[in-house]
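Commentary on secondary and tertiary structure
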Amino acid sequence: LASRSGLSPSECIPKRQCSDFAIEKISIVDERETLQSSFSWNGTVKLLIEFDNSEGLTGVDIGVRVKDRRGITVFVSSMAHSMRSELPAIRGILGLEFPSQFLMPGTYTISVNAHIPNARLLSSAEDALQFTHEETGSPFTRHSGADIGLVVADCAWSMHNESYV
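Residues numbered from 1 in each chain as written. Predicted model: local features only at pLDDT ≥ 70, side-chain atom pairs only at ≥ 80, totals over all residues. Heavy atoms only, no water.

Things to note about the environment of leucine 103
Threshold: Helical segments are the DSSP runs of H or I of at least four residues, strand segments are the runs of E of at least two, and each set is numbered from the N terminus. Whether two residues touch is decided by their heavy atoms; if any such pair falls within 4.5 Å, the residues are in contact.
Inspection of the secondary structure puts leucine 103 in the loop between β8 (91-97) and β9 (106-116). Residues leucine 103 and tryptophan 41 lie 62 residues apart in sequence; the distance between their C-alpha atoms is 8.0 Å. Beyond its immediate stretch of four places on either side in the chain, leucine 103 contacts Trp41, Val74, Phe75, Phe98, Tyr108, Phe131, His133, Leu150 and Val151.

Observations concerning the nonpolar core
Using the following cut-off: Side-chain atoms within 4.5 Å link the members of a nonpolar core, which is a set of buried Ala, Val, Leu, Ile, Met, Phe, Trp, Tyr and Cys residues. Only protein chains enter the area calculation, which uses a 1.4 Å probe; residues under 20% of their type maximum are buried, those over 50% are exposed, and those in between are partly exposed.
With 37 residues, the main nonpolar core has Phe21, Leu47, Ile62, Phe98, Ile110, Val112 and Phe131 as its most contacted residues. Within the residue set of this core, elements represented by two or more residues are β3 (22-29), β5 (46-52), β6 (61-68), β7 (73-78), β8, β9 and β10 (120-133). The contact partners of phenylalanine 98, leaving out residues within four places of it in the chain, are Val45, Val66, Phe75, Leu103, Ile110 and Phe131.

Digging into the sheet that holds β9
Going by this rule: Pairs of strands are assigned from DSSP output, requiring at least two bridges between the strands.
Pairing within the open sheet is mixed, and its five strands lie in the order β4-β10-β9-β6-β7. Pairing within the sheet leaves two strands with one partner each, and these edge strands are β4 (38-39) and β7. When β9 meets β10, the two strands line up antiparallel, connected through ten bridges. Residue pairing in the sheet places isoleucine 116 in a bridge with arginine 120 of β10.

Examining the pairing of β5
Within a regular strand, side chains alternate between the sheet's two faces. The element β5 is extensively covered by neighbouring structure, given that six of its seven residues are classed as buried. Here β3 runs beside β5; their pairing, made up of seven bridges, is antiparallel. Directly across from isoleucine 23, in β5, lies its bridge partner phenylalanine 51. Where β5 lies against β8, seven bridges are found, and the strand directions are antiparallel. When the bridges of β8 are listed, leucine 47 appears paired with leucine 96.

Topic: the environment of isoleucine 49
By the secondary structure assignment, isoleucine 49 is in strand β5. Measuring from C-alpha to C-alpha, the distance between isoleucine 49 and isoleucine 93 comes to 5.4 Å, with 44 residues separating the pair along the chain. Residues within four places of isoleucine 49 in sequence aside, it is in contact with Ile23, Lys25, Ile62, Val64, Gly92, Ile93, Leu94 and Val112.

A look at unusual backbone geometry
In this model, glutamate 33 sits at a positive phi of 60°, which is unusual for a non-glycine residue. By the element assignment, glutamate 33 lies in the loop between β3 and β4.

Some details on the pattern of salt bridges
Worth spelling out the cut-off: Any Lys or Arg side-chain nitrogen located within 4 Å of an Asp or Glu carboxyl oxygen qualifies as a salt bridge.
Going through the model one piece at a time under the given rule, you end up with nine salt bridges. Note that aspartate 30 and arginine 32 form a salt bridge whose closest N and O atoms lie 3.4 Å from each other. Classification of aspartate 30 by relative accessible area gives buried; the value is 5%. The shortest N-O distance in the salt bridge between glutamate 126 and arginine 65 comes to 2.4 Å. Pair noted here: glutamate 126 is in strand β10 and arginine 65 is in strand β6, with a separation of 61 residues, a long-range link. The partly exposed category is assigned to glutamate 126, whose relative accessible area is 29%. Since its relative accessible area comes to 23%, arginine 65 is described here as partly exposed.

Shown next, in the form of structure tokens:
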């Protein structure tokens, strides 16, 4: 599905699947937009998706799926859901930044797909990139080796002096 010849392990060029739209390159970078395949617990993980929509195709959505080393989907993100706007008729770059301190330490793979929902697959790069989130002093270091989940939910906790009974 993707070409890696001469590329860093942090970038991929998907095979072109149609003539009117293409994902041209996918890269995983840090906060300085330097190619990386390993990130610290609190490091920024950013995906750059270079696309060609110079034909002005409408209704395009680009989705990203992140899976753990067992192949289980951890989360998905959709450009159309997040940006709520059409891709312009240009060659451009989309950036997707993962929430800081969100993924537990581990190895993950990324798939990127472009499609017109419920109509047409335009470009697909399954398991195109792999990266590692290193254990570099997260609050969960003491649970090393235990299966305590794949993401960290930063929930709002509260305490009250009264009981809820």
